Amino acid sequence: MGLIMNKESKIYKLLPLILVFVGVPLLLWALGEFPKRSVFKELLSLIIILTFSLLLGQFFLTRTNKILVKQIKMSSVLKIHKFIGYVFIIIIMAHPFFIILPKFFDNTKTPFEAFTILLTSFNSLGIVLGMVAYMIMLIILITSFFRFKLHLQYRTWRKVHGYLAMLFIITATSHVINIGRYNSTSFSIYYLIVVASGIFYLLRIYLFKSTKKVIKND
Amino acid sequence: MSIVSINGCIGCEECIKSCPTDVIRLNRDTKKAEILYPEDCQICHLCRMYCPVDAITISPEKSIPVIVSWG
């Protein structure tokens, strides 16, 4: 009973983040004037939209979020960060395959042909940005999973992780804004605000906090 | 109008090649396909079926009766 209460109170404390990174994208999707498609296709798109916004939310699910660390334990914050990271990065890695999935039910182009066209459309900036973001995402996943085998100091690894995350989020958001099916002005504004505040949040810790330390040491 | 919109175009030009009535053209600036002559659309669904990323939406209200030859 106590465990359930504890879990409930943790969810309650995470509510502002859930509202921003699940509620707002859901609302924008529901209110947006996008062409209606089959339930199957809409479901696939919705999974990708929510996965991407949850990955954006990772910037605020770290030890740098002092308010959250105060409310729930730091170990819990990191557990949630790791869970979202591993699960949703794997889902978003599968999204190019989600796109060609409807081709299994068409009889014009095979899924393989569609996938080849998708991967070779280098004249599209959105596709190139998507590929770059995909590679960075893969590096983030590998360097996180094999963190202890890299023999890096924790602070060095954390900085590498943070800067890679920033690079990923810039390229991935540009990719989404450029060729996202659900790219609308409201979605673009939402993404830009979240990305800008996420990067500011991280850089504030990396750049300004260390400057303060240097001043203190002097 | 029967062809409604193109969302999430990757600029592969497959729809342009498949359209028998040249409804769709490539925008040179955005490098994405756009509906230029919607009034010419014959609702053949070829562009929608050839699009690798399922970016094309065709109005569900419009339909063409199936032509059956009796001769």
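Residues numbered from 1 in each chain as written. Chains lettered and ligands numbered in written order. Predicted model: local features only at pLDDT ≥ 70, side-chain atom pairs only at ≥ 80, totals over all residues. Heavy atoms only, no water.

K.L.:
Break down the nonpolar core for me, with residues and values.
P.N.:
All names here are of chain A. One finds Leu-56, Phe-168 and Tyr-191 to be the most contacted residues of the largest nonpolar core, which totals 44 residues. Among the secondary structure elements, those contributing two or more residues to this core are helix H2 (15–31), helix H3 (39–56), helix H5 (74–93), helix H8 (125–145), helix H9 (154–179) and helix H10 (185–217). Among the elements that make up this core, the one with the highest residue count is H10 (10 residues). Excluding anything up to four places from it in sequence, Tyr-191 contacts Ile-49, Phe-52, Leu-56, Thr-173 and Val-176. (Core = buried A, V, L, I, M, F, W, Y, C linked by side-chain atoms within 4.5 Å. Buried < 20%, exposed > 50% of the residue type's maximum accessible area, 1.4 Å probe, protein only. Helix = DSSP H or I, 4+ residues; strand = E, 2+ residues; numbered from the N terminus. Contact = heavy atoms within 4.5 Å.)

K.L.:
Can you break down the environment of Lys-17 of chain B residue by residue, with the values?
P.N.:
Residues and elements named next belong to chain B. Structurally, the position occupied by Lys-17 is in helix H1 (residues 14–18). Classification of Lys-17 by relative accessible area gives exposed; the value is 62%. Distance from Lys-17 to Cys-47, taken between C-alpha atoms, is 8.4 Å for residues 30 residues apart in sequence.

K.L.:
Please set out the pairing of strand S2 (residues 24–27) of chain B residue by residue, giving values where relevant.
P.N.:
Residues and elements named next belong to chain B. In this structure, S2 lies alongside strand S3 (residues 32–35), joined through 4 bridges in antiparallel fashion. Within S3, the position partnered with Leu-26 by the bridge is Ala-33. From the end of S2 to the start of S3, which pair antiparallel, there are 4 residues, and Lys-31 there has a positive phi angle of about 55°. (Pairing = 2+ DSSP bridges.)

K.L.:
Help me get a handle on a nonpolar patch on the surface, residues and values and all.
P.N.:
All names here are of chain A. On the surface, a cluster of nonpolar side chains totalling about 570 Å² of accessible area is made up of Ile-11, Tyr-12, Leu-15, Ile-18, Leu-19 and Val-20. When residues in the nonpolar patch are grouped by element, the largest group, 4 residues, is from H2. Tracing the backbone shows Leu-15 in helix H2. (Patch = residues over 30% accessible without salt bridge, like charges linked within 9 Å, V, L, I, M, F, W, Y side chains within 5 Å. Areas by Shrake-Rupley, 256 points an atom, 1.4 Å probe, with all protein chains shown as cover. Salt bridge = Lys/Arg side-chain N within 4 Å of Asp/Glu carboxyl O.)

K.L.:
With reference to specific residues and values, describe the packing of H3 of chain A against H5 of chain A.
P.N.:
Residues and elements named next belong to chain A. At a closest axis distance of 9 Å, the pairing of H3 and H5 adopts a crossing angle of 140°. In this view, H3 runs oblique relative to H5, as classed from their interaxial angle. Crossing of H3 over H5 shows left-handed handedness. The segment H3 lies against H5, with Ile-47, Ile-48, Thr-51, Phe-52, Leu-54 and Leu-55 engaging Ile-84, Phe-88, Ile-89, Ile-91 and Ile-92. Residue composition of the contact of H3 with H5, grouped by class: 10 nonpolar, 1 polar and no charged. (Axes fitted to C-alpha atoms, helices over the stretch in contact; angles between N-to-C directions. Parallel < 35°, antiparallel > 145°, perpendicular 65-115°, else oblique. Left-handed = near helix turned anticlockwise from the far one by under 90°. Nonpolar A, V, L, I, M, F, W, Y, C, P; charged D, E, K, R; others polar.)

K.L.:
An account of the packing of aromatic side chains is needed here, citing residue identities and associated values.
P.N.:
Here the distance between the centres and the angle between the planes together describe a pair of aromatic rings. Residue and element names in this part refer to chain A. Taken as a whole and assessed by the stated rule, the structure comprises 12 aromatic pairs over all chains. Relative to Tyr-191, the ring of Phe-187 has its centre 5.6 Å away and its plane inclined at 25°; by these criteria the two rings are stacked. Placement of both Phe-187 and Tyr-191 in helix H10 is noted, with a separation of 4 residues, approximately one turn of the helix. A relative accessible area of 5% means that Tyr-191 is categorised as buried. Taken together, the ring pairs in this structure connect Phe-34, Phe-52, Tyr-182, Phe-187, Tyr-190 and Tyr-191 into an aromatic cluster. (Phe/Tyr/Trp six-rings, centres within 6.5 Å; stacked < 30°, edge-to-face > 60°.)

K.L.:
Residue-level account of the pattern of salt bridges, with values.
P.N.:
One pass over the full model with this rule turns up 6 salt bridges over all chains. Its salt-bridge partner being Glu-14 of chain B, residue Lys-109 of chain A comes within 3.1 Å of it at the nearest N-O pair. Here Lys-109 of chain A is found in the loop between helix H6 (95–100) and helix H7 (111–120), whereas its partner Glu-14 of chain B is found in helix H1 on a different chain. The class of Lys-109 of chain A is buried, set by a relative accessible area of 11%. Among the salt bridges present, the one from Arg-25 of chain B reaches Asp-22 of chain B, with a minimum N-O distance of 4.0 Å. The partly exposed category is assigned to Arg-25 of chain B, whose relative accessible area is 34%. Among the charged side chains, a salt-bridge network with shared partners connects Arg-37, Lys-41 and Glu-42 of chain A together with Asp-54 of chain B.

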